[in-house]
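Listed below, chain by chain, are the residues.
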Amino acid sequence: MIIHSIFFYFFSIIAIFSSLMVITSRNTINSVFFLILDFISVGCLFIMVGAEFLGMIILIVYVGAVAVLFLFVVMMLNVAEQKNSWFTGKETKHIHSGLIVGNLILLELLVVVGGWKYKDDLMSSSTLILSNTSNTHQLGLVMYTDYVLYFQLAGIILLLSMIGAILLTFRERVGVKRQSYIKQISRNPSSAVELKDVESNKGVTIDD
Amino acid sequence: MLEYIQILGQEIYRILFLLVPILVSVAMVVWLDRRVWGLVQKRKGPNVVGPFGLFQTLADALKYIFKEIIIPASANKVIFILAPIITMTLALVAWAVIPMSEEFVLSDINVGILYLFAVSSLGVYGIIMGGWASNSKYPFLGAIRSAAQMVSYEVSIGIIIINVLLCVGSLNLKDIVLAQKDLWFVIPLFPMFVVFFISALAETNRPPFDLPEAEAELVAGYQTEYSGMMYAMFWLGEYANILLMCAMGSILFLGGWLPIIDIYPLNLAPSPIWMILKILFLFFLFALIKAIVPRYRYDQLMKLGWKIFLPFSLVYLVLTASFLFYFDKLPKGNF
């Protein structure tokens, strides 16, 4: 049990420290790396609680895919300089909106944590059977039976946002040559080579 | 307290018993790779150091150790040094869950396949950190390419894993192997095996998908600024990752430690030998492909991943699920 609590404090201290470093470090790339460290230690905490499926999914989805995209954006856009100007420059208009959003999130967290005490009164507990089956099985049993509607709604929201993002950034380019495998394979000598009699001093026009 | 120290000592002994053979076999496998490559091109390959040139990799490693480590002046030093360490660590850490036989596995966890998938998807960080921290054009371009490539091919590998899991009904690697007692999954899921193999090539940055280090365009990609032991760590990590992908392929499709047919002379051999033979067979294919296939262009690579493999494996997933459902062959599970 001592070992268990030592590991718990180890991971939670790393999680808290790295989440503080995300918002305080000057270099944006460093913040993203600290965010990744935060995700990993939260995943480890999930595994320690016994929710190994959720922990692994956090590692795969957040660390393996979302954070890579974060890094991409930060590296490409060179946000580092902009962030520096927030700290040193005279532009303080970001701070107001940041304060409002931050306070709202804090309020929501308080409501959620406070409501935890009364959660039995507010919502009926689901048909989760706490037996010795693995939590992957339990999640599957609940998610695709009781909550199938929410599950599909979440999927549709994700699909819509994906289509929206593609629509917003899509622009048709003209004059781009595309490769078509079928066209390439179905070429034969008779269609690829054309013999032409060229009269002298006339020339021919060749179109591709 | 003494009890804990004893447990710790035992665990360290078990970990070393796994890690040392893996490091030695990575060295041997590099030699095998170069030999196969040479033989395909009618050369001899490395054959001077030791019998058949077996100690060539050790000699190379010694050479790397004695070379100077150069850190570029404008590099981000911490991340620059961390990158090869992360690559190497992640490549070795994943071996903890690979079962070599029914008893011989370091930690038999419930979500083994998810753990493998997670660790292999973290592998992209070594490359992206190394490329960015070098603070130079070629490594950065190589890192961006490689990150995009690995993220895209992970998607199809994930769907292939779901295909296998539908037939097994468990995320435990042991259960996955034992479910293939009667029929290896390579037979009913053969198209998925092919797609998995090609995606594994792309995931480990092997030819024909070695665009992150395409020497004609990017010098050496993300490794350009690395030298000495740090380069060697990238290199060893890459080969350990390739072996890991081979082990994953043999567990998912080729029946892990199970013998080809469960009859008298074949099932006498200890089961780790079968596992090693299967890993070596897959690695031999990796080496052959390196020698005989030309490199893809970048847009072709992306097209293959997103427009061909992803829809194909999705359709096959639906087919597998409907087949299992219609013939009532869905695994019942232990609940």
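So, a few notes on the structure that sits alongside this text. (Residues numbered from 1 in each chain as written. Chains lettered and ligands numbered in written order. Predicted model: local features only at pLDDT ≥ 70, side-chain atom pairs only at ≥ 80, totals over all residues. Heavy atoms only, no water.)

1. Here we look at helix α3 (residues 52–77) of chain A
The test is simple: Only runs of H or I of at least four residues qualify as helices and only runs of E of at least two qualify as strands under DSSP, and these elements are numbered from the N terminus. Here a helix's expected span is defined as the number of its residues, less one, multiplied by 1.5 Å. A residue's bend is the angle separating two fitted axes: one through the seven residues that end there, the other through the seven that start there.
Its 26 residues give α3(A) an end-to-end C-alpha distance of 36 Å, which sits within 8% of 38 Å, the value for a rise of 1.5 Å per residue. If you look at α3(A), its biggest bend is around 30°, right at Ala67(A).

2. Some remarks on the side chain of Thr204(B)
All names here are of chain B. Short version of the rule: Buried means the residue's accessible area, taken with a 1.4 Å probe over protein chains only, is under 20% of the maximum for its type, while exposed means over 50%, and partly exposed covers the values in between. The contact rule is simple, with two residues in contact once any of their heavy atoms fall within 4.5 Å.
Checked against the element boundaries, threonine 204 lands in the loop between α8 (190–203) and α9 (215–218). For threonine 204, a relative accessible area of 6% gives the class buried. Once residues within four sequence positions are removed from consideration, threonine 204 is found in contact with Glu238, Asn241, Ile242, Met245 and Phe286.

3. Structural notes on a nonpolar patch on the surface
Quick reminder of the rule: By definition, no residue in a patch forms a salt bridge, and every one has over 30% relative accessible area; like charges are joined within 9 Å, nonpolar side chains (Val, Leu, Ile, Met, Phe, Trp, Tyr) within 5 Å. To be clear on the numbers: accessible area is Shrake-Rupley with a 1.4 Å probe, and residue cover counts the displayed protein chains and nothing else. Within this document, salt bridges are pairs made up of a side-chain nitrogen of Lys or Arg and a carboxyl oxygen of Asp or Glu, the two lying within 4 Å of each other.
On the surface, a nonpolar cluster with roughly 870 Å² of combined accessible area is contributed by Ile3(A), Phe7(A), Phe10(A), Met1(B), Leu2(B), Tyr4(B), Ile5(B) and Ile7(B). Here the nonpolar patch gets 4 residues from one element, more than from any other, and that element is helix α1 (residues 2–40) of chain B. Here Ile7(B) lies in helix α1.

4. A short note on the nonpolar core
All names here are of chain B. Going by this rule: Here the nonpolar core consists of buried residues drawn from Ala, Val, Leu, Ile, Met, Phe, Trp, Tyr and Cys, with membership extended through side-chain atoms lying within 4.5 Å.
Ranked by size, the top nonpolar core spans 113 residues in total, and within it Ile98, Tyr125, Ile128, Ile176 and Phe253 carry the most contacts. Take this core: its biggest share by element is 16 residues, from helix α10 (residues 228–252). With sequence-adjacent residues up to four places away left out, isoleucine 176 is seen in contact with Ile113, Val164, Leu165, Val168, Ser170, Phe185, Ile251 and Leu252.

5. Brief notes about the pattern of salt bridges
All names here are of chain B. For the structure on display, the rule yields 7 salt bridges over all chains. The residue arginine 14 makes a salt bridge to glutamate 11 at a minimum N-O spacing of 3.4 Å. Of this pair, arginine 14 and glutamate 11 both sit in helix α1, separated by 3 residues, roughly a single helical turn. Residue arginine 14 is classed as partly exposed on the basis of its relative accessible area of 34%. Among the ionic pairs, aspartate 33 bridges to lysine 290, the shortest N-O distance being 3.5 Å. In this pair, aspartate 33 sits in helix α1 while lysine 290 sits in helix α11 (residues 271–292), placing the two residues 257 residues apart along the sequence. The pair aspartate 33 / lysine 290 is uniform in exposure class, with both members buried. Salt bridges here are not isolated pairs; linked through shared partners, they connect Asp33, Arg206 and Lys290.

6. Section: a positive patch on the surface
As a reminder, the rule being used: When charges are counted, Lys and Arg are positive and Asp and Glu negative, with His and the chain ends excluded. We put the charge of a Lys on NZ, of an Arg on CZ, of an Asp on CG and of a Glu on CD.
A surface patch of positive charge is lined by Arg171(A), Arg173(A), Arg178(A) and Lys307(B). Assignment of secondary structure puts Arg178(A) in the loop between α8 (148–169) and α9 (181–185). On the accessibility criterion, Arg178(A) (71% relative accessible area) is exposed.

7. Side note on the interface of chain A and chain B
Our working definition: Simply put, the buried area is the total loss of 1.4 Å probe accessible area from both parts when two parts are fitted together. Side-chain atoms alone can form a polar contact between residues adjacent in sequence; in general such a contact is a pair of N or O atoms within 3.5 Å, and within protein one must be able to donate a hydrogen while the other accepts it. Gly is put with the polar residues, along with every residue not named as nonpolar or charged; the nonpolar set is Ala, Val, Leu, Ile, Met, Phe, Trp, Tyr, Cys and Pro, and the charged set is Asp, Glu, Lys and Arg.
Listed per partner, the contact involves 26 residues of chain A and 29 residues of chain B. Area buried by chain A at its contact with chain B is led by Met56(A), Ile60(A) and Met75(A), which between them contribute 22% of it. At the boundary of chain A with chain B, the tally comes to 0 salt bridges. At the junction of chain A with chain B, the criterion picks out 3 residue pairs in polar contact (both at pLDDT 80 or more). Of the residues forming the side of chain A that touches chain B, the biggest block, 13 residues, is contributed by α3(A). Taken together, the residues of the side of chain A that touches chain B break down into 17 nonpolar, 8 polar and 1 charged.

8. Points about the packing of helix α2 (residues 28–49) of chain A against α3(A)
Residues and elements named next belong to chain A. The line we're drawing: Lines fitted to C-alpha atoms define the axes here, with helix axes fitted over just the stretch in contact, and angles between the N-to-C directions of these axes take values from 0 to 180 degrees. Relative orientations are named as follows: roughly parallel for angles under 35 degrees, roughly antiparallel for angles over 145 degrees, roughly perpendicular for angles from 65 to 115 degrees, and oblique for any other angle.
Relative to each other, α2 and α3 sit at 175°, their axes nearing to 8 Å. With respect to each other, α2 and α3 are oriented roughly antiparallel. Within the contact of α2 with α3, the residues separate by chemical class into 21 nonpolar, 3 polar and 1 charged.

9. Side note on the packing of aromatic side chains
Residues and elements named next belong to chain B. Put simply, the rule is: Here is the rule: rings of Phe, Tyr and Trp (six-membered ring for Trp) pair when centre to centre is within 6.5 Å. Planes less than 30 degrees apart are stacked, more than 60 are edge-to-face, and the remainder are tilted. The rule is short: NZ of Lys or CZ of Arg within 6 Å of the ring centre and within 35 degrees of the ring normal puts a charge over the ring.
The full count for this structure, using the stated rule, is 24 aromatic pairs over all chains. When the centroid spacing of 4.2 Å and the interplanar angle of 5° are considered together, the rings of phenylalanine 80 and tyrosine 226 count as stacked. With phenylalanine 80 in helix α3 (residues 77–93) and tyrosine 226 in the loop between α9 and α10, this pair connects stretches of sequence that are 146 residues apart. Grouping residues by exposure puts phenylalanine 80 and tyrosine 226 together as buried. Counting every residue linked through ring pairs, the aromatic cluster contains Tyr64, Tyr231, Trp235 and Tyr239. Directly above the aromatic system of tyrosine 64 lies the positively charged group of lysine 63, at a separation of 5.1 Å from the ring centroid. Taking NZ or CZ as reference, lysine 290 lies 4.0 Å from the ring centre of tryptophan 37, over its face.

10. Points about unusual backbone geometry
Residues and elements named next belong to chain B. Going from proline 207 to proline 208, the amide bond is cis rather than trans, its omega being 5°. With respect to the helices and strands, proline 208 occurs in the loop between α8 and α9. One non-glycine residue, asparagine 135, lies in positive phi territory at about 55°. Along the chain, asparagine 135 falls in the loop between α5 (124–133) and α6 (137–168).

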